[in-house]
Amino acid sequence: MKKALILTLLALASTQSLAARETTSGYIDRMVTYPDFGSGNTIVELSNRGNTCYGYWIETGSKGHDAALSALLGAFHSKRVVSIVGLDDSANKWNGSPGTHYCKLYAVDVKR
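The structure displayed is predicted, hence computed values, not measured ones.

A. Summary view of the sheet that holds strand E1 (residues 21-26). The sheet built from 6 strands is open, its strands ordered E1-E5-E6-E4-E3-E2 with mixed pairing. Bordering the open sheet on either side are E1 and strand E2 (28-33), each of which pairs with just one other strand. On average, each strand axis in the sheet is tilted by 35° relative to the strand beside it, whichever way the strands run. Two strands pair when backbone bridges link them, and E1 and strand E5 (residues 82-87) are joined in this way by 6 bridges, in the antiparallel orientation. Bridge assignment links Ser25 to a residue of E5, and that residue is Ser83. Packed on one face of the sheet, helix H3 (residues 65-78) meets E2, strand E3 (42-46), strand E4 (55-58), E5 and strand E6 (102-110) and runs near 140° to E2.

See the structure below:
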């Protein structure tokens, strides 16, 4: 019975909640926006690299795109430390990754 309950809960869980996540903290070294690639995707690279995530990417059509980009730009210009959580599984790797792994941005935490 327990096994059936666990399998049912796993089946109902979203793939986002099951996706592997990696958190990296540091200063934003680089931000690049590609107006035509992916309809305006933005990549972010931190001073510290993660084990899997070389950088992070924001999908233009995501609900939180504007809020995330605003937080990142504020942190970049004020030179504040950020913690970025990225989805590091292969399904969330940026298509424009040049041999390195850019993880899909999941959350941004700006430190004071």
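Now that the structure is up, let's keep going.
B. The arrangement of H3 in detail. End to end, H3 covers 20 Å across 14 residues, agreeing with the expected 20 Å (1.5 Å per residue, within 8%). Within the span of H3, buried status applies to His65, Ala68, Leu69, Leu72 and Ala75. Considered in projection along H3, the buried side chains sweep an arc of 130° and stay on one side of the axis. In H3, the exposed positions angled more than 90 degrees off the buried face are occupied by Asp66, Ala67 and His77. Looking one or two residues past H3, Lys79 carries a phi angle of roughly 55°, positive in sign.

C. A look at the layout of surface pockets. Taken as a whole, the largest pocket spans an internal volume of roughly 190 Å³. When contributions to the lining of the largest pocket are tallied by element, the ones reaching two or more residues are E4, H3 and E6. The leading source of residues in the lining of the largest pocket is E6, at 3 residues. Taken together, the residues of the lining of the largest pocket break down into 6 nonpolar, 4 polar and 2 charged.

Each value, and the rule that gives it
Residues numbered from 1 in each chain as written. Predicted model: local features only at pLDDT ≥ 70, side-chain atom pairs only at ≥ 80, totals over all residues. Heavy atoms only, no water. Pairing = 2+ DSSP bridges. Helix = DSSP H or I, 4+ residues; strand = E, 2+ residues; numbered from the N terminus. Axes fitted to C-alpha atoms, helices over the stretch in contact; angles between N-to-C directions. Contact = heavy atoms within 4.5 Å. Expected span 1.5 Å × (residues − 1). Buried < 20%, exposed > 50% of the residue type's maximum accessible area, 1.4 Å probe, protein only. Arc of directions from axis to C-beta. 1 Å grid on protein atoms, 1.4 Å probe; cavity = no way out; pocket = protein on both sides within 12 Å on 5 of 7 lines; lining within 4 Å. Points joined across faces, edges and corners; volume = space filled by probe spheres on them. Nonpolar A, V, L, I, M, F, W, Y, C, P; charged D, E, K, R; others polar.

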